[in-house]
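The primary structure of each chain is shown beneath.
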Amino acid sequence: TAAQAAQERGWQLYLVGGAVRDVLRGMQSPQETEVVLTDIDLVVDGFHQSATVGAGVELATVLQERFAGARLDVHGAFQTAALLWHNDPVFDSLWLDIATARTEFYPYPAANPEVEASSIRQDLYRRDFTINALAIRLTTPRQGKLLDFFGGVLDLQRGWVRVLHANSFIEDPTRIFRAVRFAVRFGFEIEPETERFIRHAIASGVYERSRSLNPRTPALQARLKSELKYLLQASYWPRALRELDRLGALQCLHPQLRLTRELWRRLQLMDRGLRRFENWHHLSHWRMLLEVLLSQVEMGDGEFSRAAVAQQLQLPEETVQRLATLGERCERLQGGLKLARRPSEVVQVLEGEELAGLLLVALGMGRSLRRKVWQYLTEWAHVKPLLNGEDLKQLGYKPGPQFKEMLADIQAGTLDGDFGGSREAAIAFVC
Ligand code: CTP
């Protein structure tokens, strides 16, 4: 339908980006690659036939009228339209982006690009890697023709992630993270010259500059956050972090950040914990891993303080606060836990602490204190006292300060095993 509508208007329509790449990968090794397209990018090229930057929006509107049930979003500045079907009987969940072919020029490095209508070749040239700069023509003549101006097919065959030009990472530093993502995800290599461009961009301080000077920093940081999220959510996150560290790219988050053995140990512990315990599932897995990473950054102050880095990444306020108060919380809880011998004493120290903060603190503790936190979280925090308020009332006690104290004693006695698990023993204790 979209191709037909484009054709009627004298425009060309192309399938571009990840969909083309994945279809070709699927054709190369059909046994290994299952191609499920849930995210499709189309580009309209009709500059010479007077398509305006609004052509993508026009086609999306035609599609929306033809196929009911889609939500249409228009991204103003970029003049792209997104159609989203959710649980649709025909499309299931599908995201369709339609853009007008564009060149982007970056007003200054790491800015968001500005857009003007142009031809498909230029549109592809502005993209991140050769494997993502392929297009298939959907309109006639030459319908189905593959456009490969930059050697993307060969790079897919030899397993290379390769940029199209030397400035790619300076213009868009989030591509450093994308390069690693594609390399690790497909088992590809970052092509040697591309690696040199990455190292050069990092050494030239592209992230530091963009953090402090760039008025569009929030947009860049938001994109960096979504790349980090993508990486840390994937099963290959350990390999991706190693690769980022090898390239020195963790410095993009903070100049001191390195994947030390200690940080590695903490990440593994957090990952295992989050996967193992069901009642921790409400925590966002990727964000907890990111918090572990950021907790290794020195508290510091100013632009590079731990809280400032979290804030720049637009992490939620609770995360920023947690990271800012981690040191103080760590000292307080460690001090308390060192003195706590019995389970009830451990519970007294840890009760009321929020789970995410407690997990972060525990990662930095020695084995014996960490065991106490673990036991608290997995067992002791869930122990029900052998007698509750109702039981005490039935035994003839009236609510009041003494009543409260008795309840606390029963709770402590239950936790410490003083009643040997027997209600009768607890009643005998009360009476
Ligand atoms: N793109 C880019 N530079 C970026 C982000 C995206 O050039 N910083 C281009 C790439 O050509 C990419 C397309 O925009 O193919 C769509 O981006 P995205 O949906 O993030 O990537 P996909 O290639 O579709 O990959 P995935 O399968 O991971 O969604």
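**Q** Describe the site of the ligand, naming the residues involved and giving the relevant values.
**A** Contacts to the ligand come from 16 residues, most closely from Arg 21, Asp 128, Asp 172, Arg 181 and Arg 185. Between the ligand and Arg 181 there is a distance of 2.8 Å, counted from an oxygen atom to a side-chain nitrogen or oxygen. Relative to its unbound accessible area of 570 Å², the ligand is 79% covered by the protein chains. For the shell around the ligand, the secondary structure elements donating two or more residues are α2 (18–28), β2 (39–45) and α7 (174–186). In terms of residue count, the dominant contributor to the shell around the ligand is α7 (6 residues). Tallied by class, the residues present in the shell around the ligand amount to 2 nonpolar, 4 polar and 10 charged.

**Q** Tell me what's going on with the packing of helix α16 (residues 326–339) against helix α17 (residues 343–350), and back it up with residues and numbers.
**A** Pairs of packed helices are described in terms of their axes, by the angle between the two and the distance that separates them. Interhelical geometry of α16 versus α17 gives an angle of 165 degrees and a closest axis separation of 9 Å. Considering the angle they form, α16 stands roughly antiparallel to α17. For the pair α16 and α17, the sense of crossing is right-handed. In contact with Leu 333, Gly 336, Leu 337 and Leu 339 of α16, α17 contributes Glu 345, Val 346, Val 349 and Leu 350. Of the residues contributing to the contact of α16 with α17, the split by class is 6 nonpolar, 1 polar and 1 charged.

**Q** So, the pairing of strand β1 (residues 12–16): which residues are in play, and what are the values?
**A** Of all the 5 residues making up β1, 5 are buried; the element is thus mostly covered by neighbouring parts of the structure. Along β1, one buried face is formed by Gln 12, Tyr 14 and Val 16 and the opposite face, lined by Leu 13 and Leu 15, is buried too. Here β1 pairs with β2 via 5 bridges, running antiparallel. In the sheet register, Gln 12 faces β2, and the bridge partner there is Asp 45. As paired elements, β1 and strand β8 (residues 135–137) share 3 bridges and run antiparallel to each other.

**Q** Describe the pairing of strand β5 (residues 92–100), naming the residues involved and giving the relevant values.
**A** Note that β2 and β5 share 6 bridges and pair parallel. Within β5, the position partnered with Ile 40 by the bridge is Leu 96. Where strand β4 (residues 80–88) meets β5, 6 bridges bridge the pair, whose relative direction is antiparallel. Paired with Trp 85 across the strands is Leu 94, a residue of β5. In this antiparallel pair of consecutive strands, β4 and β5, the connection spans 3 residues.

**Q** Any details on the side chain of Glu 191? Residues and values, ideally.
**A** As for its placement among the helices and strands, Glu 191 is situated in the loop between β11 (189–190) and α8 (192–203). Among buried Asp, Glu, Lys and Arg side chains, Glu 191 stands out as unpaired, with Arg 162 the closest opposite charge at 5.2 Å. Each residue touching Glu 191, except ones within four places of it in the same chain, is listed here: Trp 160, Val 161 and Arg 162.

**Q** Could you give an account of helix α21 (residues 401–416), with specific residues and numbers?
**A** Between the first and last C-alpha of α21 there are 23 Å, a value that for 16 residues agrees with the 22 Å anticipated at 1.5 Å per step. Looking only at α21, the buried set comprises Phe 403, Met 406, Ile 410, Gly 413, Thr 414, Leu 415 and Asp 416. Close packing links the buried residues of α21 with α17, α20 (389–394) and α22 (423–430). Taken from the residues just after α21, Gly 417 is the one with a positive phi, measuring 75 degrees.

**Q** Describe the packing of helix α12 (residues 261–276) against helix α18 (residues 355–363), with residues and values.
**A** Axis separation between α12 and α18 bottoms out at 10 Å; the angle between their running directions is 140 degrees. Overall, the two elements α12 and α18 adopt an arrangement that is oblique. As α12 runs across α18, the sense of the crossing is right-handed. Here Glu 262, Arg 265, Arg 266, Leu 269, Met 270 and Leu 274 of α12 come into contact with α18, specifically with Leu 359, Leu 360 and Leu 363. Split into classes, the residues belonging to the contact of α12 with α18 amount to 6 nonpolar, no polar and 3 charged.

Cut-offs applied
Residues numbered from 1 in each chain as written. Predicted model: local features only at pLDDT ≥ 70, side-chain atom pairs only at ≥ 80, totals over all residues. Heavy atoms only, no water. Near = heavy atom within 4 Å. Polar contact = N/O pair within 3.5 Å; in protein donor to acceptor, adjacent residues only side chain to side chain. Areas by Shrake-Rupley, 256 points an atom, 1.4 Å probe, with all protein chains shown as cover. Helix = DSSP H or I, 4+ residues; strand = E, 2+ residues; numbered from the N terminus. Nonpolar A, V, L, I, M, F, W, Y, C, P; charged D, E, K, R; others polar. Axes fitted to C-alpha atoms, helices over the stretch in contact; angles between N-to-C directions. Parallel < 35°, antiparallel > 145°, perpendicular 65-115°, else oblique. Left-handed = near helix turned anticlockwise from the far one by under 90°. Contact = heavy atoms within 4.5 Å. Buried < 20%, exposed > 50% of the residue type's maximum accessible area, 1.4 Å probe, protein only. Pairing = 2+ DSSP bridges. Lys, Arg positive; Asp, Glu negative; His and termini not counted. Salt bridge = Lys/Arg side-chain N within 4 Å of Asp/Glu carboxyl O. Expected span 1.5 Å × (residues − 1).

Limitation: the analysis is restricted to geometry and does not speak to function.
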